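# Fold and contact review
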Amino acid sequence: MSRLDNFISRMTAQRDILNQICPEVAKMEGLVLELGLGNGRTFHHLRERLPGRRIVVFDREVGAHASSIPEAENLVLGEIRETARKFIGIDAALVHADIGTGYDDRDAVTATWLPDLIARLLRVGGIAVSGTPLDHPLLQRLPPPPSVSADRYFICRRV
Ligand code: SAM
């Protein structure tokens, strides 16, 4: 698969998965946590799909389009592994993590800490969506929408 095709499939997976889970998240209490602001596209999408919901966004730095920058009180800068730890126990309804790099060795390092962090951030019944696998005993894998192939993007429920 070319990098262009890979990018398109990632964008499609993000949109289709977020569209699928947002109606359920809308009925659940709890913060939404966006791990990786990037250009701000998925943050912008979540803001549209979950009007009124507080979305706290994490990144090392702000590189987003001006239309997609969270308010200062909802933006946490620094290394997610450290900054998001302070939110453990917050009982988030949704954690979306788009911090894959496309480099297997770097993503393997992320896989050593991200699943446990997400499990501790979510409420029971809350949903995790991630571009990298979330292998953890408290994160039960859910099937993606039909448009998303298995192992393209991951959805889990906190049990
Ligand atoms: N979903 C975003 C969008 O729709 O525009 C794109 C996110 S981009 C692929 C990943 C972002 O996560 C980058 O801005 C990068 O700086 C940030 N990031 C990745 N790993 C991180 C880490 N360990 N700590 C803080 N930020 C991180």
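Residues numbered from 1 in each chain as written. Predicted model: local features only at pLDDT ≥ 70, side-chain atom pairs only at ≥ 80, totals over all residues. Heavy atoms only, no water.

Named according to an unreviewed UniProt entry, the protein chain is Class I SAM-dependent methyltransferase originating from Mesorhizobium cantuariense.

Here the focus is the site of the ligand. Surveying the vicinity of the ligand reveals 15 residues, the closest of which are G40, T42, D59, I80 and D98. A distance of 3.4 Å separates an oxygen atom of the ligand from a polar atom in the backbone of L37. Here a nitrogen atom of the ligand and a side-chain polar atom of E79 are 3.3 Å apart. Here the ligand loses 83% of its free accessible area of 600 Å² to cover by the protein chains. (Near = heavy atom within 4 Å. Polar contact = N/O pair within 3.5 Å; in protein donor to acceptor, adjacent residues only side chain to side chain. Areas by Shrake-Rupley, 256 points an atom, 1.4 Å probe, with all protein chains shown as cover.)

What follows covers the environment of R106. Take R106: it is sitting in helix α4 (residues 104-110). On the basis of relative accessible area, R106 is assigned to the partly exposed category, the value being 47%. (Helix = DSSP H or I, 4+ residues; strand = E, 2+ residues; numbered from the N terminus. Buried < 20%, exposed > 50% of the residue type's maximum accessible area, 1.4 Å probe, protein only.)

This part covers the sheet that holds strand β4 (residues 92-97). Strand order in the open sheet formed by seven strands is β3-β2-β1-β4-β5-β7-β6, with mixed pairing between adjacent strands. Each edge of the open sheet is held by one strand with a lone partner, namely β3 (75-77) and β6 (139-142). Strand-to-strand, the axes of this sheet are offset by a mean angle of 20°, without reference to chain direction. Relative to strand β7 (residues 154-158), β6 runs antiparallel, the two sharing four bridges. Residue pairing for β7: Q140 is matched across the bridge by R157. The sheet contacts of helix α1 (residues 3-26) involve β1 (32-35), β4, β5 (122-130) and β7, and relative to β5 the element is tilted by about 165°. This element, helix α5 (residues 114-121), spans β1, β4, β5, β6 and β7 of the sheet and lies at about 140° to β5. (Pairing = 2+ DSSP bridges. Axes fitted to C-alpha atoms, helices over the stretch in contact; angles between N-to-C directions. Contact = heavy atoms within 4.5 Å.)

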